[in-house]
Structure formats: structure tokens, C-alpha cells
Amino acid sequence: MPRPGRNIYPDVSGIDYLPIFLAGVGGTENQTRVVREEGLTWNQFIRFGKGAGVLVIDGEEIPIHENDFVMIPAHYPHEYYPTEEPWVTNWVVFGGDACPKLMKDLGLETPKILTITDNIVPRGLFTDIYVSVNSDHIFGHQIASGYVYDLILWFKQTLLLGEMNKLRKNSRQILASAVAYIEENACREITLKEISEHAGISQQHMCRIFREHLNVHSSEYVTRIRLNLAMEKLLNTNLSMSEIAAECGFRSASYFSTVFGKYEHMTPNNYRKKYKV
């Protein structure tokens, strides 16, 4: 990582032919208030260390904590200030003719915030950038600019992973809601459309969630729930096949027997005879 208080602003006049180039790297152990009403000339990454503060973007005050990692595009108005001192920050700024299109293609035209749980990659890249430009006065700037590109890609990949994990979490919550609804209503006619509307998603999306998490179609899951209810009644009651079929959501005793045989490889009557105590 850059040593706090040791900032480097290399001469970009000999490197601006690169599509992406390093414009500066540094840090501070005691970050003070920064107000940029017209933004910064360069795109910037800021890694926040010990302490805490607030980042103001588009009028919104966003709490910033240790291990938060922020990307702010060039010319984007912003402000940040400490609320818990000392506030340690490390930063990298960069530019280049390829930046506007690259940032747009990656969906980074507006500020983005990550909370980093694994610091190895960003710490390593910050260190590589700093060491390259500080120690090699011939090729160091070019090498450091390559690391900047790696940092951009790492940031985007990490954002995507976070979004994917959020989607997985949401899909598990949707599945739990759908399963609970099915279990409560399996004894009557129930459709995929009804289940999907209850969960607030499309039928296609619901099918994908069932396949992803349970490896079954939603209709098959409904059938399994109904069969489980039917098996309980076969063993614990003296109800007829017609009565059990009606109470468990099957449209007829013959259909119940057909479905039961498909899954259990025996008739409901034989199941009752074999397992009822």
C-alpha cells in the first residue's frame, strides 16, 4: 500500500498515449474534509482504512467504514469528511482516452461502493502501483498503468459477485415464500401462476428458482407435498382413497393412484397394507 502522506503525481505528458494511465497514487493517515463541487479531473479509487467518515454523493450522505472501497468517476461532484479520527485513506487516480467508454461499458459511470472482506487483491494492486512508479523511473509508469487496468477489472468483478450473491439470497427468500405457500394450499387446486403471483415474480422466474435450488419443476414439488400428505393419511386414518384424494388435492381417486404409483412404485392400498401399524 502507498505509505500515508507519501503521494506521487507522475508526469503524464510522456504516458498519455496509453488508453489508461496512472495519474497519481498516495494516501494519508489523517484524512481531512475534501469538497469537490466539480469533481476531480481524474477517475479515482479510494480505499478507506482505520477510522470512519461520510461520503456525500448527489446530496446523499453515505457512512463509510474501514475496508470500504469507493470508485468515483472523473468530474463527478463529491465530498467526504471524517467522523472518527484518525481516518486512513489510500487512493489511486487515473485517466486515458479509453476511460469514458470503458467506464460506461462496465457500468461505472456513477460512484460505486464496495465493502471488502478480502483485502489481499486490492492491497496487492495498490502496492504494485506504488512500488512500480516509485522505483522504476524508466518503465515504472507504464507498468503501474497496467496494474490500474487490473484494479478496474477487479473492482467490476467484485461488484458483479456481490450482485450475484444478492440475487441468490433473494431467490432463496422467494423460494421459501413459495414453498410455505404451497404447503399451506397444497390440498386444493393450485397453479404456477398463483404461486408466482404470491411471490411477486414471473412464472418463468419461479420455474428457474425451483430448478436452481431444488432441481425440480414447481408442479413436481406440489405433487411431492401432496403425496407426503396422502401417505400420512394412509397410515394414520381409515379414510377411503377417494376421501384422501379429495383432501390432498388430487382430482380423483384414479388419478391419485396413478401418481402414487409413479413415485412410490406401488398402489396406495398396498402402501397402507405394507406400512400401517
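This text gives an overview of the structure that appears in the document.

Cut-offs and rules
Residues numbered from 1 in each chain as written. Predicted model: local features only at pLDDT ≥ 70, side-chain atom pairs only at ≥ 80, totals over all residues. Heavy atoms only, no water. Helix = DSSP H or I, 4+ residues; strand = E, 2+ residues; numbered from the N terminus. Rg over C-alpha atoms; globule rule 2.2 N^0.38 Å. Buried < 20%, exposed > 50% of the residue type's maximum accessible area, 1.4 Å probe, protein only. Contact = heavy atoms within 4.5 Å. Core = buried A, V, L, I, M, F, W, Y, C linked by side-chain atoms within 4.5 Å. Axes fitted to C-alpha atoms, helices over the stretch in contact; angles between N-to-C directions. Parallel < 35°, antiparallel > 145°, perpendicular 65-115°, else oblique. Nonpolar A, V, L, I, M, F, W, Y, C, P; charged D, E, K, R; others polar. Phe/Tyr/Trp six-rings, centres within 6.5 Å; stacked < 30°, edge-to-face > 60°. Lys NZ or Arg CZ within 6 Å of the ring centre and 35° of its normal. Pairing = 2+ DSSP bridges.

## Focus: the overall build of the chain
Helix and strand counts for the chain come out as 9 helices and 9 strands. Computed over its C-alpha atoms, the radius of gyration of the chain comes to 30 Å, more than 25% above the 19 Å expected for a compact globule of 277 residues. Dimensions of the chain along its principal axes, counting C-alpha atoms only, are 90 × 35 × 30 Å. In the chain, buried positions account for 45% of the 277 residues. A separation of at least 24 residues holds for 70% of the contacts in the chain among residues at least 6 apart in sequence.

## So, the nonpolar core
One finds F45, F69, I152 and F155 to be the most contacted residues of the largest nonpolar core, which totals 28 residues. Where this core is concerned, the elements lending two or more residues are β1 (21-28), β6 (68-72), β8 (89-95), α1 (99-105), α2 (120-135) and α3 (140-185). With 7 residues, α3 is the single largest residue contributor to this core. Grouped together as the second largest cluster of nonpolar side chains are 20 residues, A23, I46, V70 and V93 included.

## Concerning the packing of helix α6 (residues 218-236) against helix α8 (residues 253-264)
In the contact formed by α6 and α8, the axes pass within 11 Å of each other and the chain directions differ by 100 degrees. Judged on the interaxial angle alone, α8 and α6 are roughly perpendicular. Packed against α6, whose contacting residues are E220, T223, R224, L227, A230, M231 and L234, the element α8 presents F256, V259, F260, Y263 and E264 at the interface. Residue composition of the contact of α6 with α8, by class: 8 nonpolar, 1 polar and 3 charged.

## Examining the packing of aromatic side chains
The way to describe two aromatic rings as a pair is by their centre distance and the angle between their planes. By the definition in use, this model includes 17 aromatic pairs. One cation-aromatic arrangement involves R251 over Y255; the distance from NZ or CZ to the ring centre is 3.9 Å.

## Considerations on the sheet that holds strand β7 (residues 78-84)
Spatially, β2-β7-β4-β5 is the arrangement adopted by the 4 strands of the open sheet, whose pairing is antiparallel. One side of each edge strand has no neighbouring strand; the edge strands of this open sheet are β2 (34-36) and β5 (60-64). Between one strand axis and the next, the sheet turns by 20 degrees as a mean value, whatever way the strands run. For strand β4 (residues 52-57) and β5, the ladder comprises 5 bridges, and the chain directions are antiparallel.

## Things to note about the side chain of S196
Within the secondary structure, S196 is located in helix α4 (residues 192-199). If we skip the residues at most four places from it in the chain, S196 touches I201, S202, Q203 and M206.

## Digging into the pairing of β8
Across the 7 residues of β8, 7 count as buried, placing the element largely inside the fold. Side chains of β8 alternate between two faces, with T89, W91, V93 and G95 and N90, V92 and F94 buried alike. In this structure, β1 lies alongside β8, joined through 7 bridges in antiparallel fashion. Residue pairing across strands places F21 opposite G95, the latter belonging to β8. Relative to β8, strand β3 (residues 43-48) is paired through 6 bridges, and the arrangement is antiparallel.

## With respect to unusual backbone geometry
Omega for the bond connecting E85 with P86 falls within 30 degrees of zero, at -5 degrees, which places this linkage in the cis form. Inspection of the secondary structure puts P86 in the loop between β7 and β8. At D58, a residue that is not glycine, the phi angle is positive and equals roughly 50 degrees. Structurally, D58 is set in the loop between β4 and β5. If you check the backbone angles, N215 has positive phi at about 60 degrees while not being a glycine. Among the secondary structure elements, N215 is positioned in the loop between α5 (203-214) and α6. Classification of N215 as exposed rests on a relative accessible area of 67%.

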